[in-house]
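As a plain string of letters, each chain reads:
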Amino acid sequence: MSVLESERQNETEVAQSATGVVDVARVEEFAEKVAGDHAVAVNAVLAYLGDRLGLWKALASVPSATSRELSERSGLAERYVREWLSAEAAAGYVEYDPDGSRFRLPPEHAAVLADDSSPAALAGTFELTAGLWASVDRLAHVYATGEGFGWHEHDSRMFNGVDRFFRPLYNSSLVEQWLPAVDGVVARLASGIRVLDVGCGLGSATLLMAETFPASTFTGVDYHDESIVRASASAARAGGSDRVRFERAGAEDYTGGPYDLICFFDALHDMGDPVAALRHARAELADDGVVLAVEPFANDRLEDNLTPLGLSYYAASATICVPNSLSQSGQAALGAQAGPGRIVDAFHEAGFGTARQAAATPFNLVIEGRA
Ligand SMILES: C[S@@+](CC[C@H](N)C(=O)[O-])C[C@H]1O[C@@H](n2cnc3c(N)ncnc32)[C@H](O)[C@@H]1O
């Protein structure tokens, strides 16, 4: 079926459109892709509802269920549950057996959608997306004016979703891959040192390190009040040790040094002035201290970041990271796909004698700097 008045030029069916002569087959192919992306985007709303309303967990708790059974189990209205299940079967998230109209969430899918402690947990990404849609009018405004949009101004689903997205990565990579990539740091943490986590957010990385290295002390700082309140509450729930504390402070105005290890977990590129943040870290660092920046994986060139992972990070950067950086003095707007070269340059510009990429893992770069 041709979507445009067309004619054959050599072997290609072409047509005149408002944007010029187009190859009809390519128009149809791209329209199919966009239609697919649209379906995925709308299904993100349902996936979020599945997370928020406990439907994924309820379905994961039984071998299979009819819509009636799942509605009773979840306490939700059967007609909605039936349509939700049908959509999730069409999405390939849920399996459907017409024999008895039964739906099943395979354990492999449950590990991604119904268990936040799983290393493959991704349900939080839909909470993040819901938070971004809640801020879309504000984003439209800042795109038009060039103003910034601070982390603290976002709907709380955004930073809650970010924390849920990163936590499985921290659980699988922080202690196993990132810290061992920096010479001597693991031994020093085991022996007992003072650690600072700058831009600590809800404190997941800080608390994981504190749990793993009982001989060391940990401070998390963030300019965002609500994040610090929630991180402190998590610390209290984790037993409230005096080895861990969270305080509200900006990346250029905290005190309490010298620290032996200063970390930036997925935060340096968000800051208005990453160089000033690194310069302040250097000033608060012990002479033999190390600064560790874990950043989203990226190559130095855009053309090398045109991947599904690159899309995920650029999309987050265009809605969260760059707007936040533009909302702060410096407005460096490095973005979440700055690449190792720019991050290492920022360390050098901040006066670090040595700075290098210590490791690259599938989702992250590990950059270390020494005074
Ligand atoms: C992507 S989040 C990462 C949070 C946490 N490190 C984690 O990995 O879950 C970035 C954090 O940096 C914080 N942040 C941004 N600019 C900051 C600044 N100038 N000073 C302190 N914190 C800042 C934000 O409030 C946010 O919590």
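Note that the structure is a prediction, hence the values are computed from the model and not measured. (Residues numbered from 1 in each chain as written. Predicted model: local features only at pLDDT ≥ 70, side-chain atom pairs only at ≥ 80, totals over all residues. Heavy atoms only, no water.)

*Asks:* So what about the sheet that holds strand 10 (residues 285-296)? Which residues, and what values?
*Replies:* Strand order in the open sheet formed by 7 strands is 8-7-6-9-10-12-11, and the pairing between neighbours is mixed. One side of each edge strand has no neighbouring strand; the edge strands of this open sheet are strand 8 (244-248) and strand 11 (354-361). The average undirected angle you get between the axes of adjacent strands in this sheet is 20°. As paired elements, strand 9 (residues 259-265) and strand 10 share 6 bridges and run parallel to each other. Looking at strand 10, one finds that Phe264 is bridged to Ala293. Sheet strands in contact with helix 11 (residues 225-237) are strand 7 (217-222) and strand 8, and its direction is about 165° off that of strand 8. (Pairing = 2+ DSSP bridges. Helix = DSSP H or I, 4+ residues; strand = E, 2+ residues; numbered from the N terminus. Axes fitted to C-alpha atoms, helices over the stretch in contact; angles between N-to-C directions. Contact = heavy atoms within 4.5 Å.)

*Asks:* Pulling in residues and values, what's your account of the pairing of strand 3 (residues 20-23)?
*Replies:* In this sheet, strand 3 lies alongside strand 2 (residues 12-17) in antiparallel orientation, the contact comprising 4 bridges. Counted as the bridge partner of Ala15 is Val22 from strand 3. Counting the residues in the hairpin turn of strand 2 and strand 3 gives 2 residues.

*Asks:* Can you tell me about the site of the ligand, naming the residues and giving the values?
*Replies:* What surrounds the ligand is a group of 19 residues, the closest being Tyr170, Gly199, Asp222, Ala251 and Phe265. When the ligand sits alone it has 590 Å² of accessible area, and the protein chains cover 95% of it. Residue composition of the shell around the ligand, by class: 10 nonpolar, 6 polar and 3 charged. (Near = heavy atom within 4 Å. Areas by Shrake-Rupley, 256 points an atom, 1.4 Å probe, with all protein chains shown as cover. Nonpolar A, V, L, I, M, F, W, Y, C, P; charged D, E, K, R; others polar.)

*Asks:* Outline empty space enclosed by the protein, listing residues and values.
*Replies:* Over the atoms, a rolled probe matching the size of one water molecule traces out where space is still vacant. Within the structure shown, the criterion is met by 1 cavity of 30 Å³ or more. By volume, the largest cavity is sized at about 30 Å³. Lining the largest cavity are Val185, Arg188, Ile193, Asp260, Leu261 and Val290. Elements represented by at least two residues in the lining of the largest cavity include exactly helix 9 (185-191) and strand 9. (1 Å grid on protein atoms, 1.4 Å probe; cavity = no way out; pocket = protein on both sides within 12 Å on 5 of 7 lines; lining within 4 Å. Points joined across faces, edges and corners; volume = space filled by probe spheres on them.)

*Asks:* Summarise the domain arrangement of the protein; cite the residues concerned and give the values.
*Replies:* We note that the domain assignment places domain 1 (3-114) and domain 2 (125-370) within the protein. One C-alpha centre belongs to domain 1, the other to domain 2; they are set 34 Å apart. With 7 residues of domain 1 in contact, the opposing surface of domain 2 contributes 5 residues. With both chains or domains summed, domain 1 and domain 2 bury close to 510 Å², and 65% of this area falls on carbon and sulfur atoms. Counting across the interface, domain 1 meets domain 2 through 1 salt bridge. Close ionic contact of Asp51 with Arg164 constitutes a salt bridge, the shortest N to O distance being 2.9 Å. Sorting elements by how many residues they give to the side of domain 1 that touches domain 2 places helix 1 (residues 24-52) first, with 5 residues. Taken together, the residues of the side of domain 1 that touches domain 2 sort by class into 5 nonpolar, no polar and 2 charged. (Domains from an automatic or database assignment. Buried area = accessible area lost by both parts, 1.4 Å probe. Salt bridge = Lys/Arg side-chain N within 4 Å of Asp/Glu carboxyl O.)

*Asks:* I'd like a rundown of the pairing of strand 10, residues and numbers included.
*Replies:* Here strand 10 lies mainly inside the structure; 10 of its 12 residues are buried. Once the chain exits strand 9 it traverses helix 12 (residues 274-283) before rejoining the sheet at strand 10, and the crossover so formed is right-handed. Sheet analysis places strand 10 next to strand 12 (residues 364-370), joined by 7 bridges and oriented antiparallel. Across the sheet, Val294 pairs through a bridge with Val366, a residue of strand 12. (Buried < 20%, exposed > 50% of the residue type's maximum accessible area, 1.4 Å probe, protein only. Right-handed = clockwise from strand over helix to strand, strands pointing away.)

*Asks:* Any chance you could break down the environment of Ala359 for me, citing the residues and the numbers?
*Replies:* In this structure, Ala359 sits in strand 11. The class of Ala359 is buried, set by a relative accessible area of 18%. Once the C-alpha coordinates of Ala359 and His269 are considered, the two residues, 90 residues apart in sequence, prove to be 17 Å apart. If near-sequence neighbours (up to four positions away) are discounted, Ala359 is found in contact with Ala181, Asn364, Leu365 and Val366.

*Asks:* Just give me the short version of unusual backbone geometry, but keep the residues and values in it.
*Replies:* That bond from Gly257 to Pro258 is cis: its omega, 0°, falls within 30 degrees of zero. Tracing the backbone shows Pro258 in the loop between strand 8 and strand 9. If you check the backbone angles, Ser101 has positive phi at about 50° while not being a glycine. With respect to the helices and strands, the residue Ser101 is situated in the loop between strand 4 (95-97) and strand 5 (102-104).

*Asks:* Please provide a residue-by-residue account of helix 12, values included.
*Replies:* With 7 of 10 residues buried, helix 12 is to be regarded as a mostly interior element. Turning to helix 12, its buried residues are Pro274, Val275, Ala276, Ala277, Leu278, His280 and Ala281. If you follow the buried residues of helix 12, they end up packed against strand 9, strand 10 and helix 14 (340-349).

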